[in-house]
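For reference, the chains in residue letters:
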Amino acid sequence: MLNPPVSLLLVEADPVDAKRIRKVLAGVRRPVFHVESAGLCAAALVRLEESAVDVVLLDLMLPDARGLEVFERVRQAAPDALILVLSAASDEATARTAVRQGADDY
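Below: a short report on this structure. (Residues numbered from 1 in each chain as written. Predicted model: local features only at pLDDT ≥ 70, side-chain atom pairs only at ≥ 80, totals over all residues. Heavy atoms only, no water.)

**What about the nonpolar core?**
Put simply, the rule reads: Put simply, a nonpolar core is a bunch of buried Ala, Val, Leu, Ile, Met, Phe, Trp, Tyr and Cys residues held in one set by side-chain atoms that sit within 4.5 Å of each other. Working definition: with a 1.4 Å probe on protein chains only, accessible area under 20% of the residue-type maximum means buried, over 50% means exposed, and in between means partly exposed. Numbering of helices and strands starts at the N terminus; helices are DSSP runs of H or I of at least 4 residues and strands are runs of E of at least 2. Any pair of residues with heavy atoms lying within 4.5 Å of one another is described as a contacting pair.
Counting residues in each nonpolar core, the largest one holds 23 residues, and the members touching the most others are Val-56, Leu-58, Phe-71 and Val-74. For this core, the secondary-structure elements that each account for two or more residues are β1 (6–11), α2 (41–50), β3 (55–59), α3 (68–77), β6 (82–86) and α4 (92–100). For this core, the element with the highest residue contribution is α2, accounting for four residues. In this structure, Leu-58 is in contact with Val-11, Val-70, Phe-71, Val-74, Ile-83, Leu-84, Val-85 and Leu-86, ignoring residues within four places of it in sequence. Within the second largest apolar cluster, eight residues are counted, among which are Leu-10, Ala-18, Leu-25 and Leu-57.

Following this line, the structure appears as structure tokens:
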């Protein structure tokens, strides 16, 4: 396959936000994204144990973990993935810290 799909794990607890992000990604022609979702940090970690992903879109405010703890746990589980932190404007400082600690962007 010349352009295999990009495997993307969307880690987002808010179903409305997750739906919006999925809709945007579905409209992208190239690259094609194969999107899987997790609403909890624990579920994301289980998924990442199964196989690697290319990209993680990561919300830092999840019901079972918050802030940089989420980022560190995901980074350890997916060290080769591109990790993009999803951040509300009110949590931009934490997102910037995550970038300093290895996230690819926010």
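**Let's talk about α3**
Note that an α-helix has 3.6 residues per turn; residues three or four places apart therefore point the same way. The cut-off we apply is this: An arc is given here, and it is the one of the directions from the helix axis to the C-beta atoms.
Considered for burial, the residues of α3 that qualify are Val-70, Phe-71 and Val-74. Taken around the axis of α3, the buried residues stretch over an arc of 95°, which confines them to a single face. Each element contacted by the buried residues of α3 is listed here: α2, β3, β4 (61–62), β5 (65–66), β6 and α4.

**Comments concerning the sheet that holds strand β2 (residues 33–38)**
Selection criterion: For two strands to be treated as a pair, DSSP must find no fewer than two bridges joining them. Only the stretch in contact is used when a helix axis is fitted, and all axes are lines through C-alpha atoms; the angle between N-to-C directions ranges over 0 to 180 degrees.
Reading across the sheet, the four strands line up as β2-β1-β3-β6 and stay open at both edges, with parallel pairing between neighbours. Where the open sheet ends on each side, the last strands, each with one partner, are β2 and β6. Each adjacent strand pair in this sheet contributes to an overall mean axis angle of 20°, direction not counted. Strand direction decides the pairing type here: β1 and β2, joined by six bridges, are parallel. Bridge pairing in β2 links Val-11 to Ala-38. Each of β3 and β6 touches α3; the most contacted strand, β3, lies at about 160° to it.

**Some remarks on the pattern of salt bridges**
The condition is simple: Only one rule defines a salt bridge in this text: a Lys or Arg side-chain nitrogen within 4 Å of an Asp or Glu carboxyl oxygen.
One pass over the structure, following the stated rule, counts four salt bridges. With its nearest N and O atoms 2.9 Å apart, the salt bridge here joins Arg-47 to Glu-36. Within this pair, whereas Arg-47 is found in helix α2, its partner Glu-36 is found in strand β2, the two being separated by eleven residues in sequence. Of the residues examined, Glu-36 reaches a relative accessible area of 25% and is grouped as partly exposed.

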